[in-house]
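Residues per chain are reported as follows:
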Amino acid sequence: MCRVKPTQLEMSDRPSIYEQIGGAATIRRIVDRFYARVERDPLLRPMFPADLEPGKEHQFLFLCQYFGGPDDYNRLRGHPRLRMRHAPFPIDQVARDAWLAHMLAALDEAGVPEPARTAMHRYFEQASTAMINQAPLIEPS
Ligand code: HEM
């Protein structure tokens, strides 16, 4: 008899978040909305390079891959190692909160449906916290 562990069954039966939200077209909308917000943000914009397009494409490929779509990010960029890739940027709590607010707004603007929306919120909240690499600036008294 072929016994499949429940966890394996669940994993193969349940559509990925990528599928639930409408695939690459929806992720493209999320990334477009997110970058439109970053572009107007006086705190975050200087952290990003003058040309936003390459990073935008990498973000798109990463999110497709992470949420269960094609693994083109790995093929093009190698292992994500996001904390290492973010080390050159001074990310404190304030920058993280701004980044997260833009990403959560972008999910809504792109029309991401529940329950995928809540799952994506949870991921972005946790992963953006892990990207913090600067203590808050404490003014000497
Ligand atoms: C959930 C949290 C985050 C995820 C999943 C994420 C994902 C990514 C990805 C996939 C890239 C492109 C990496 C590559 O070049 O292959 C990237 C680049 C970048 N991220 Fe994030 N990031 C997160 C949080 C943040 C935060 C909190 C900040 C700053 C406040 C930030 C700032 C940047 C910057 C400045 C770049 C470089 C963009 C470029 O080179 O054009 N990220 N991020």
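Throughout what follows, the structure given in this document is the object of discussion.

**Here's the deal with the nonpolar core**
Right, so step 1: Judged by nonpolar contacts, the single largest core of 25 residues is most densely connected at I30, L63, C64 and L107.
Right, so step 2: Contributing elements (two or more residues each) for this core: helix 2 (17-21), helix 3 (23-39), helix 4 (53-66), helix 7 (93-109) and helix 8 (116-130).
Right, so step 3: Look past the residues within four positions of I30 in its chain and what remains in contact with it is L63, A106, L107 and A110.

**A word on unusual backbone geometry**
Right, so step 1: The omega angle of the peptide bond from E114 to P115 is 0°, so this bond is cis rather than trans.
Right, so step 2: Relative to the helices and strands, P115 resides in the loop between helix 7 and helix 8.
Right, so step 3: Backbone geometry at R81 places phi at a positive 35°, although glycine is not the residue there.
Right, so step 4: Mapped onto the fold, R81 is located in the loop between helix 5 (72-77) and helix 6 (82-86).

**Looking at the site of the ligand**
Right, so step 1: Around the ligand sit 22 residues, and of these G55, H58, F62, W99 and A127 come closest.
Right, so step 2: Counting only elements with at least two residues in the shell around the ligand, the list comes to helix 4, helix 6, helix 7 and helix 8.
Right, so step 3: Top contributing element to the shell around the ligand by residue count: helix 4, with five residues.
Right, so step 4: Its residues placed into classes, the shell around the ligand shows 14 nonpolar, five polar and three charged.

**Things to note about the environment of V38**
Right, so step 1: With respect to the helices and strands, V38 occurs in helix 3.
Right, so step 2: In this structure V38 comes out as buried when scored by C-beta crowding, with 21 C-beta atoms within 10 Å.
Right, so step 3: Distance in space between the C-alpha atoms of V38 and W99 is 7.7 Å, their sequence separation being 61 residues.
Right, so step 4: Apart from the residues within four sequence positions on either side, V38 is in contact with L44, R45, F48 and H102.

**So, the packing of helix 3 against helix 7**
Right, so step 1: Where helix 3 contacts helix 7, the two axes come as close as 8 Å, and the packing angle between them is 135°. By the angle between their axes, helix 3 is oblique relative to helix 7. The element helix 3 and its partner helix 7 pack so that their crossing is right-handed. Contacts from I30, R33, F34, R37 and V38 of helix 3 reach helix 7 at H102, M103, A105, A106, L107 and E109.
Right, so step 2: Looking at the contact of helix 3 with helix 7, its residues break down into seven nonpolar, one polar and three charged.

**Concerning the packing of helix 7 against helix 8**
Right, so step 1: For the pair helix 7 and helix 8, interaxial distance at closest approach is 10 Å and the crossing angle is 165°. It follows that helix 7 is roughly antiparallel to helix 8 by the angle criterion. Handedness of the crossing formed by helix 7 with helix 8: right-handed. From helix 7, R96, W99, L100, M103, L104 and L107 reach across to helix 8, where they touch R117, M120, H121, F124, E125, S128 and T129.
Right, so step 2: Here the contact of helix 7 with helix 8 is built from residues that sort into seven nonpolar, three polar and three charged.

**Considerations on helix 7**
Right, so step 1: The terminal C-alpha atoms of helix 7, which comprises 17 residues, lie 24 Å apart, in line with the 24 Å expected from a rise of 1.5 Å per residue.
Right, so step 2: Taken residue by residue, helix 7 has A95, W99, M103, A106 and L107 as its buried positions. End-on, the buried residues of helix 7 take up no more than an arc of 110°, which puts them together on one face. Exposed residues on helix 7 whose side chains face more than 90 degrees from its buried face are Q93 and D108.
Right, so step 3: On its buried face, helix 7 sits against helix 3 and helix 8.
Right, so step 4: Taken from the residues just after helix 7, G111 is the one with a positive phi, measuring 75°.

Rules of the game
- Residues numbered from 1 in each chain as written.
- Predicted model: local features only at pLDDT ≥ 70, side-chain atom pairs only at ≥ 80, totals over all residues.
- Core = buried A, V, L, I, M, F, W, Y, C linked by C-beta atoms within 7 Å.
- Buried ≥ 20, exposed ≤ 12 C-beta atoms within 10 Å, placed from the backbone.
- Helix = DSSP H or I, 4+ residues; strand = E, 2+ residues; numbered from the N terminus.
- Contact = placed C-beta atoms within 7 Å.
- Near = placed C-beta within 6 Å.
- Nonpolar A, V, L, I, M, F, W, Y, C, P; charged D, E, K, R; others polar.
- Axes fitted to C-alpha atoms, helices over the stretch in contact; angles between N-to-C directions.
- Parallel < 35°, antiparallel > 145°, perpendicular 65-115°, else oblique.
- Left-handed = near helix turned anticlockwise from the far one by under 90°.
- Expected span 1.5 Å × (residues − 1).
- Arc of directions from axis to C-beta.

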